[in-house]
Amino acid sequence: MESKLIFDLGVSRETINNLRVFENFVLKWSKALNLVSNGDRKKIWDRHIIDCLQIYPLLPRKTYNYGDFGSGGGFPGIVLSILLNGAGHQVSVHLVESDKRKSAFLRAVNRELGLKAAVYNKRIETLELSGLDVITARALAPLDNLLKLLSRHISKDTICIFPKGENWKKEVQNAQKQWNFDLEVIKSKTQ
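Residues numbered from 1 in each chain as written. Predicted model: local features only at pLDDT ≥ 70, side-chain atom pairs only at ≥ 80, totals over all residues. Heavy atoms only, no water.

1. A look at the overall build of the protein
For step 1, the next point in the chain: Check the secondary structure of the protein and you find seven helices and five strands.
For step 2, the next point in the chain: Along the protein, helices (α) and strands (β) appear in the sequence α-α-α-β-α-β-α-β-β-α-β-α when read from the amino end.
For step 3, the next point in the chain: Its C-alpha radius of gyration of 16 Å places the protein within 12% of the 16 Å reference for a compact globule of 191 residues.
For step 4, the next point in the chain: Seen through its C-alpha atoms, the protein measures out along the principal axes to roughly 45 × 35 × 35 Å.
For step 5, the next point in the chain: Counting contacts in the protein only where the partners sit at least 6 residues apart, residues at least 24 apart contribute 73% of the total.
For step 6, the next point in the chain: When the accessible surface of the protein is totalled, it reaches about 10,600 Å², and 46% of it is carbon and sulfur. (Helix = DSSP H or I, 4+ residues; strand = E, 2+ residues; numbered from the N terminus. Rg over C-alpha atoms; globule rule 2.2 N^0.38 Å. Contact = heavy atoms within 4.5 Å. Areas by Shrake-Rupley, 256 points an atom, 1.4 Å probe, with all protein chains shown as cover.)

What follows is the structure, encoded as structure tokens:
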């Protein structure tokens, strides 16, 4: 179920238990909301949770504002919130999801695990959320569109972590035609 990565991160048993509670929420709510595909339901840890865990070491170890856009099934926003909360980090977490039912799911998990994340049921384009130090978005949009959507929330000091699939190089090339940004490519430990 869990990989070596979770133990390499020094995650506590309580945090692992909270990740399991989250997994159960995803399985329960996926029947109605399609949070993960039918094929992924048996491999949530490998396909989704572990994939999100590898983002954790990239996050700053100080007080900051963190926003996850297109939070959907809580990947990576809820996973990272569980880790940050378990490690006692002072982070303001903002989860943004336009789908009302998925926002209700995020609120239910948030309440159950005592994460204290703010959940916004709004479209990114209409949201006024400033001062974000870290932004994540997983499987939300191609990079050029993603930067356009998020540009009002990004400052020159914002760290953006956007996990991408096998077409990431093409997405970067397309985005560089319109946007100026520094890029550090970090190879995934999963897929």
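Now that the structure is up, let's keep going.
2. Focus: the pattern of salt bridges
For step 1, the next point in the chain: Tallied over the full model, the rule gives five salt bridges.
For step 2, the next point in the chain: With a closest N to O distance of 3.3 Å, R123 and E125 form a salt bridge.
For step 3, the next point in the chain: Note on E125: relative accessible area 36%, which makes it partly exposed.
For step 4, the next point in the chain: Here R152 makes a salt bridge to E128, at a shortest N to O gap of 2.4 Å. With R152 in the loop between α6 (143–150) and β5 (159–161) and E128 in the loop between β3 (118–120) and β4 (134–136), this residue pair connects regions lying 24 residues apart in the sequence.
For step 5, the next point in the chain: Relative accessible area serves as the criterion here: at 42%, R152 is assigned to the partly exposed category. (Salt bridge = Lys/Arg side-chain N within 4 Å of Asp/Glu carboxyl O. Buried < 20%, exposed > 50% of the residue type's maximum accessible area, 1.4 Å probe, protein only.)

3. Brief notes about α6
For step 1, the next point in the chain: Restricting attention to buried positions, one finds in α6 the residues L143, D144, L146, L147 and L150. Along the long axis of α6, the arc covered by the buried residues comes to 160°, so they all point the same way.
For step 2, the next point in the chain: In this structure, the buried residues of α6 make contact with β1 (64–69), β4 and α7 (168–176). (Arc of directions from axis to C-beta.)

By themselves, these figures tell us nothing about what the structure is for.
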